[in-house]
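A closer look at the structure
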Amino acid sequence: MAGRTKAIGIFDSGLGGLTVFKDIQKQLPGYRYIYLGDTARAPYGDRSKAQVLKFAKQAVDFLFAHDCELIIFACNTASAEALRTIQRSYLPKKYGKRKRILGVIVPALEEVASSPGLTRLGVIATEGTVASGAYPRELKKMAPRVRVFQSAAPLLAPAVEAGEANSLLTKKLIKGYLAPLLKKNIDALLLGCTHYGHLEKQIRAIVGRKVRVILQGPLVARKLHEYLIRHPEMETMLERRPETVFYTTDRGSGFARLSALFFGKAVVAKRALLEYKK
Ligand code: DGL
């Protein structure tokens, strides 16, 4: 028996995933975590599917090489464009059956599927996430009664990173991105990007009280907790040591500033070199 030696890996294109990680750490504080933000190549939102897949495979290799047994893709774009392929072929071929990767799309949609009155769902996300069709595809399997309307909001993540969440221009952008969804009389709006939680107040003000706003972080944290309860063979491998090591793929100067925004405290990150071998 190997004992409790393994960490939980958290992967995001950059620093927005810290919002999801914050909720995970709050709900499951006793574990050891390794956070990897591919800041040098973010944003992923307007990259090709092939590029996102390649970067995500590199991240998976890095995190598994750094003691992780379970990885959470905190990034919607990577969850939408790469996770299915990695779970179906890359993971079993290269790592066998034991290691696991979970994304952010299914936990959010499970919440939608278990909300009986919800029949018209709006999703805002990056261009890549919307183009992948992952949200409508997965929801069709879980709750065919729900119709999905998507809107790509490519400028919102950069606006949040630039510290412009409260600016007039950002409010105008949000209005523009939400207009086609509001015309469809949605009952709920899913914020399908790591950064949009920072725009929650502005978004609620535009959609009004009749539209339920669904945030991913708390849902992903809860589903991870439930997963660990259902899978003791995984849970008993995870080290009970409340510690996190942060890795970034660039020089790390932006990490301190943006981690204060996304994580609530400035953290220092180590440099990660990602390699890709076919
Ligand atoms: N992390 C990405 C997501 O959730 C947003 C930023 C990006 O485009 O890389 O889709």
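Summary of the structure given here. Since this is a predicted model, take the numbers as computed values, not measurements.

By nearness alone, every residue bordering the ligand is listed as D12, S13, P43, Y44, G45, C75, N76, T77, T126, C193, T194 and H195. In this structure, an oxygen atom belonging to the ligand sits 2.7 Å away from a main-chain N or O atom of Y44. Protein coverage of the free-state accessible area of the ligand, which is 290 Å², stands at 98%. Class assignment for the residues of the shell around the ligand results in four nonpolar, seven polar and one charged.

Taken N-terminus to C-terminus, the directions of helix α5 (residues 105-113) and helix α11 (residues 216-230) make an angle of 95°; their axes are 8 Å apart at the nearest point. Taken together, the axes of α5 and α11 are roughly perpendicular relative to one another. For the pair α5 and α11, contact is made by P107, A108, E110 and E111 and by Q216, L219, V220, R222 and K223, respectively.

A few words now on the pairing of strand β5 (residues 120-125). Of all six residues that make up β5, five are buried, and the element is covered over most of its length. With six bridges joining them, β5 and strand β6 (residues 147-152) adopt parallel strand pairing. Its bridge partner lying in β6, I124 is registered against S151.

Glancing now at the pattern of salt bridges. Enumeration over the complete set of coordinates arrives at 19 salt bridges. In this structure, the salt-bridge partner of D67 is K6, at a minimum N-O distance of 4.0 Å. Placement of the pair is D67 in the loop between α2 (49-65) and β3 (68-73) and K6 in the segment before β1 (7-12), with a sequence separation of 61 residues. A relative accessible area of 32% places D67 in the partly exposed class. With its nearest N and O atoms 2.8 Å apart, the salt bridge here joins R32 to D67.

Take the sheet that holds strand β8 (residues 212-214) next. What the four strands build is an open sheet, ordered β6-β5-β7-β8; its pairing is parallel. Each edge of the open sheet carries a strand with a single partner, namely β6 and β8. Within the sheet, the average angular offset between the axes of one strand and its neighbour, ignoring direction, is 20°. In terms of strand pairing, β5 meets strand β7 (residues 188-192) through five bridges, oriented parallel.

Our next topic: the side chain of T129. Relative to the helices and strands, T129 resides in helix α6 (residues 127-132). Aside from chain neighbours lying at most four places away, what touches T129 is N76, T77, A80, A134, Y135 and Q150.

With an omega of 0°, the peptide bond between A42 and P43 qualifies as cis. Within the secondary structure, P43 sits in the loop between β2 (32-37) and α2. One non-glycine residue, D67, lies in positive phi territory at about 80°. The backbone of N185 sits at a positive phi, close to 55°, despite the residue not being glycine. Mapped onto the fold, N185 is located in the loop between α9 (168-182) and β7.

This part takes up the packing of aromatic side chains. Enumeration over the complete set of coordinates arrives at 14 aromatic pairs. Note on F246 and F263: the rings are 5.7 Å apart at their centroids and 70° apart in plane angle, and the pair reads as edge-to-face. A residue pair is termed long-range when its members are at least 10 positions apart, and F246 in strand β9 (residues 243-248) and F263 in helix α13 (residues 253-263) qualify at 17 residues. As far as burial versus exposure is concerned, F246 and F263 are alike and both buried. Among the aromatic residues, those joined into a ring-pair cluster are F21, Y33, Y35, F246, F255 and F263. Here the basic side chain of R41 rests over the ring of F55, its NZ or CZ set 3.7 Å away from the ring centre.

Once that is clear, we can look at the environment of I229. With respect to the helices and strands, the residue I229 is situated in helix α11. When the C-alpha positions of I229 and T194 are compared, they lie 25 Å apart, and in sequence the two are 35 residues distant.

A word on the nonpolar core. Among the nonpolar cores identified, the biggest contains 50 residues, and I24 and L189 are the most heavily contacted of them. Ranked by the residues each element gives to this core, the list is headed by α11, at five residues. Each residue touching I24, except ones within four places of it in the same chain, is listed here: I10, Y33, I72, V220, A221 and L224. Core analysis: the second largest hydrophobic core is formed by 28 residues, L36, C68, I71 and F73 among them.

Conventions used here
- Residues numbered from 1 in each chain as written.
- Predicted model: local features only at pLDDT ≥ 70, side-chain atom pairs only at ≥ 80, totals over all residues.
- Heavy atoms only, no water.
- Near = heavy atom within 4 Å.
- Polar contact = N/O pair within 3.5 Å; in protein donor to acceptor, adjacent residues only side chain to side chain.
- Areas by Shrake-Rupley, 256 points an atom, 1.4 Å probe, with all protein chains shown as cover.
- Nonpolar A, V, L, I, M, F, W, Y, C, P; charged D, E, K, R; others polar.
- Axes fitted to C-alpha atoms, helices over the stretch in contact; angles between N-to-C directions.
- Helix = DSSP H or I, 4+ residues; strand = E, 2+ residues; numbered from the N terminus.
- Parallel < 35°, antiparallel > 145°, perpendicular 65-115°, else oblique.
- Contact = heavy atoms within 4.5 Å.
- Buried < 20%, exposed > 50% of the residue type's maximum accessible area, 1.4 Å probe, protein only.
- Pairing = 2+ DSSP bridges.
- Salt bridge = Lys/Arg side-chain N within 4 Å of Asp/Glu carboxyl O.
- Phe/Tyr/Trp six-rings, centres within 6.5 Å; stacked < 30°, edge-to-face > 60°.
- Lys NZ or Arg CZ within 6 Å of the ring centre and 35° of its normal.
- Core = buried A, V, L, I, M, F, W, Y, C linked by side-chain atoms within 4.5 Å.

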